[in-house]
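Fold and contact review
The chain contents come next:
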Amino acid sequence: MKVLHVIPSLSPTLGGPTQAVLNMVKALRSLGVEAEIVTTNDNGVELLDVPLNRRVVYEQVPVWFLPRFTPPIKEFIFSAALTRWLWQHASEYNLLHTHYLFSYASTCAGAIARRRQIPYIVRTIGQLTPWALAQSHLKKQIYTAVIERHNLQRAAAIHCTALGEAEDVRNFGIETPTITLPLGVLPPASLPTARAELNSLYQIPPQRKIILFLSRLHYKKRPDLLIESLSRLNDSNSDFHLILAGTGEQNYIDYLQNLVIKLGLSDRTSFVGFVSGRDKDLLLQGADIFALPSFSENFGIAVAEAMAAGLPVVVTSGVQIAPEIAAAEAGFVIQGEKTELTQAIANLLNLPQLRSRMGNNARNLTTEKYSWQAISTKLIDHYSEIIDRNTLTPDLKDLSYET
């Protein structure tokens, strides 16, 4: 079985989506699938320093990097070279698995797959949630009417990572079968001295509990709500230090830094920028609580990584694995109000037994549900069924791939 994954960008700054595709392909290959990735050399306003127009090993998986159009057209990431490559090589694969909507690479791959009679799966990455659709609403309406709805309706299946995401697909009016299968996380390499290293690195007093925000610094993720909520604890008995790990547009980072100063949290807050590898493991294993009060997350890789490290989490109901978190008592699920967020964090700060119990539940949840090995095994079963059924036939809509 030969499967091609298509994604507009593997820029490390994109965080979860990039890591998910790389780990998915790595796991598939470990189970005998000839999985590869084709993408562009996009890296935000810059370009990745990678070889172009040939198959290379990148982060331990085979990747074809094609040059993107410069300057970049926002998230659309146009690439004429990618178009040519897909036209010439798509038929060498049994199936295409695309990632993202409203972006050139996935749209182009779907169109070429239909022309070449190759089944393809679309992963929407949460872009059909009401919140996501409300952003650049008019552009998305036009793009949907002209291109994306047809692309979704003619897919062999749509890969959703949570039941809420599958509901969003149906609410969008798409009848294509859905595969509801979560993403996975890798257990972190053990760092027994993580806490001591963090305290030393950021000059955090040993008695302070560390609250970690690990994601893009973007208004969608609402780090500002977290900062404002913590300011209510600043004069109480809750002794904490907030670490904000991630990058974003400079004007938004400036806004957050000014907000920290205004609310008197400068000595309790560290902006550490983008982290990966050991630096990320250090944060996950050295922190006490993870918080992501996001408007919308299709899965939330960072949330799952935090749980794998044994951190209790505080998330909003907009994070689509929130029902699993609530059911496992792996943290608090809130509606996104400041008072509720403040109270949830205060409970975890002031009740060490609750913090420990929820952290253990979080680790157990990821072990049971978010193992890449188990997820990839199920994904291969779906791939085989789709390929065997000649999924471009009209009766496809009567099939069910729900997991």
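Sequence positions are assigned chain by chain, starting from 1 and proceeding in written order. In keeping with the predicted nature of the model, local features appear solely for residues at pLDDT of at least 70, side-chain atom pairs appear and are counted solely at 80 or more, and the whole-chain, interface and lining totals rest on all residues. Think of the side-chain values as coming from all heavy atoms in the structure, minus any hydrogens and water.

Another aspect to go through is the pattern of salt bridges. Definition used for salt bridges: Asp or Glu carboxyl oxygen within 4 Å of a side-chain nitrogen of Lys or Arg. Across all of its chains, the model carries 12 salt bridges by this definition. Salt-bridge contacts for Glu297 lead to Lys221; the nearest nitrogen and oxygen are separated by 2.7 Å. Of this pair, Glu297 sits in the loop between β14 (289–292) and α11 (301–308) while Lys221 sits in the loop between β11 (209–214) and α8 (223–231), placing them 76 residues apart in sequence. Given the relative accessible area of 8%, Glu297 is considered buried. Linking Glu324 and Lys369 is a salt bridge whose minimum nitrogen-to-oxygen distance equals 3.8 Å. Here Lys369 lies in helix α14 (residues 352–369) and Glu324 lies in helix α12 (residues 322–328), a separation of 45 residues in the sequence. Residue burial is assigned from relative accessible area. The probe radius is 1.4 Å, only protein chains are included, and a residue is buried under 20% of its type maximum, exposed over 50%, and partly exposed in between. Taking relative accessible area as the criterion, Lys369 reaches 37% and is therefore assigned partly exposed. Each of the salt bridges in this network shares a partner with another, and the network as a whole consists of Arg208, Asp239 and Arg268. Put simply, DSSP marks the helices as runs of H or I at least four residues long and the strands as runs of E at least two long, and each gets a number from the N terminus on.

Turning our eyes to something else, we now look at the sheet that holds strand β6 (residues 61–66). We call two strands paired when DSSP finds no fewer than two bridges between them. An order of β5-β6-β2-β1-β7-β8-β9-β10 is seen for the eight strands of this open sheet, with the pairing classed as mixed. Two strands lie at the open edges of the sheet, namely β5 (55–58) and β10 (178–180), each paired on one side alone. Mean inter-strand twist for the sheet, computed between neighbouring axes without regard to direction, equals 30°. In this sheet, β6 lies alongside strand β2 (residues 34–40) in parallel orientation, the contact comprising four bridges. Each residue of the ladder has a partner; that of Thr40, found in β6, is Leu66. A contact between two residues is defined here by any heavy atoms of the two lying within 4.5 Å. Note on geometry: axes are lines fitted to C-alpha atoms, helical ones only across the stretch in contact, with angles between N-to-C directions running from 0 to 180 degrees. The strands touched by helix α3 (residues 104–116) within the sheet are β1 (2–6), β7 (95–99) and β8 (120–123), with β7 carrying the most contacts at an inclination of about 160°.

This paragraph deals with the confidence of the model for the protein. Known as pLDDT, the predictor's confidence for each residue is given on a scale from 0 to 100. With 95% of its residues at a pLDDT of 70 or more, the protein has an overall mean of 91. Across residues 391–403, confidence stays below pLDDT 50; counting only partners more than four residues off in sequence or on other chains, it has 34 contacts.

Further remarks concern unusual backbone geometry. We note that Asn53 has phi near 65°; this positive angle belongs to a residue other than glycine. Among the secondary structure elements, Asn53 is positioned in the loop between β4 (46–47) and β5. Exposure remark for Asn53: the relative accessible area of 49% places this residue in the partly exposed category. The phi angle at Ile77 is positive, at roughly 50°, despite the residue not being glycine. Within the secondary structure, Ile77 is located in the loop between β6 and α2 (80–89). Taking the relative accessible area as the measure of exposure, Ile77 reaches 6% and is therefore buried.

Let us look at the packing of aromatic side chains. Note on aromatic pairs: the rings of Phe, Tyr and Trp (six-membered ring only in Trp) are paired at centre separations within 6.5 Å, and the planes decide the class, stacked below 30 degrees, edge-to-face beyond 60, tilted for the rest. Scanning the entire structure with this criterion turns up 10 aromatic pairs. Ring geometry for Trp131 against Tyr219: centres 5.9 Å apart, planes inclined by 50°, an arrangement best described as tilted. With a gap of 88 residues between them, Trp131 in helix α4 (residues 130–134) and Tyr219 in the loop between β11 and α8 connect regions that are remote in the sequence. Among the aromatic side chains, those forming a connected cluster through ring pairs are Phe69, Phe76, Phe78 and Tyr104. Placement of a charge over a ring requires the Lys NZ or Arg CZ to be within 6 Å of the ring centre, with the centre-to-atom vector within 35 degrees of the ring normal. Across the ring face of Tyr93, the terminal group of Lys2 is positioned such that the distance to the ring centre comes to 5.0 Å. When the ring centre of Phe172 is taken as reference, the NZ or CZ atom of Arg149 above it lies at 4.5 Å.

For each structure, a 1 Å grid was placed over the protein atoms alone; sets of points admitting a 1.4 Å probe that cannot get out are labelled cavities, open sets with protein on both sides within 12 Å along at least five of seven lines are labelled pockets, and lining residues have an atom within 4 Å of a point. Grid points are joined across faces, edges and corners, and a volume is the space filled by probe spheres set on the points. Of the pockets and cavities examined, the second largest pocket occupies roughly 350 Å³. Lining the second largest pocket are 22 residues, with Ala308, Ala309, Gly310, Leu311 and Arg363 positioned closest to its centre. Mapped by element, the contributors of at least two residues to the lining of the second largest pocket are α10 (277–286) and α14. Per-element tally for the lining of the second largest pocket: the top contributor is α14, with seven residues.

Turning to α14, a few remarks are in order. With 18 residues, α14 should cover 26 Å at 1.5 Å per step; its first-to-last C-alpha distance of 26 Å lies within 8% of that length. All of the buried residues in α14 are Leu354, Arg355, Met358, Gly359, Ala362, Leu365 and Thr366. Along the axis of α14, the buried positions cluster into a sector of 130°, meaning they face one direction only. Those residues of α14 that are exposed and aimed more than 90 degrees away from the buried face are Gln353, Thr367 and Glu368. Its buried side turned inward, α14 meets β11, β14, α11, α12, β16 (331–334) and α13 (338–350). Multiplying 1.5 Å by the residue count of a helix minus one yields the expected span of that helix. As used here, the arc belongs to the directions running from the helix axis to the C-beta atoms.

This part takes up the sheet that holds strand β15 (residues 313–316). If you trace the six strands from one edge of the open sheet to the other, you get β13-β12-β11-β14-β15-β16, paired in parallel fashion. Strands at the two margins of the open sheet, each flanked by one partner only, are β13 (269–273) and β16. Within this sheet the neighbouring strands show an average axis-to-axis angle of 20°, counted without direction. For β15 and β16, the ladder comprises four bridges, and the chain directions are parallel. Looking across to β16, one finds that Thr316 is bridged to Ile334. Of the strands in this sheet, β11, β12 (240–245) and β13 are in contact with α10, which crosses β11 at around 135°.

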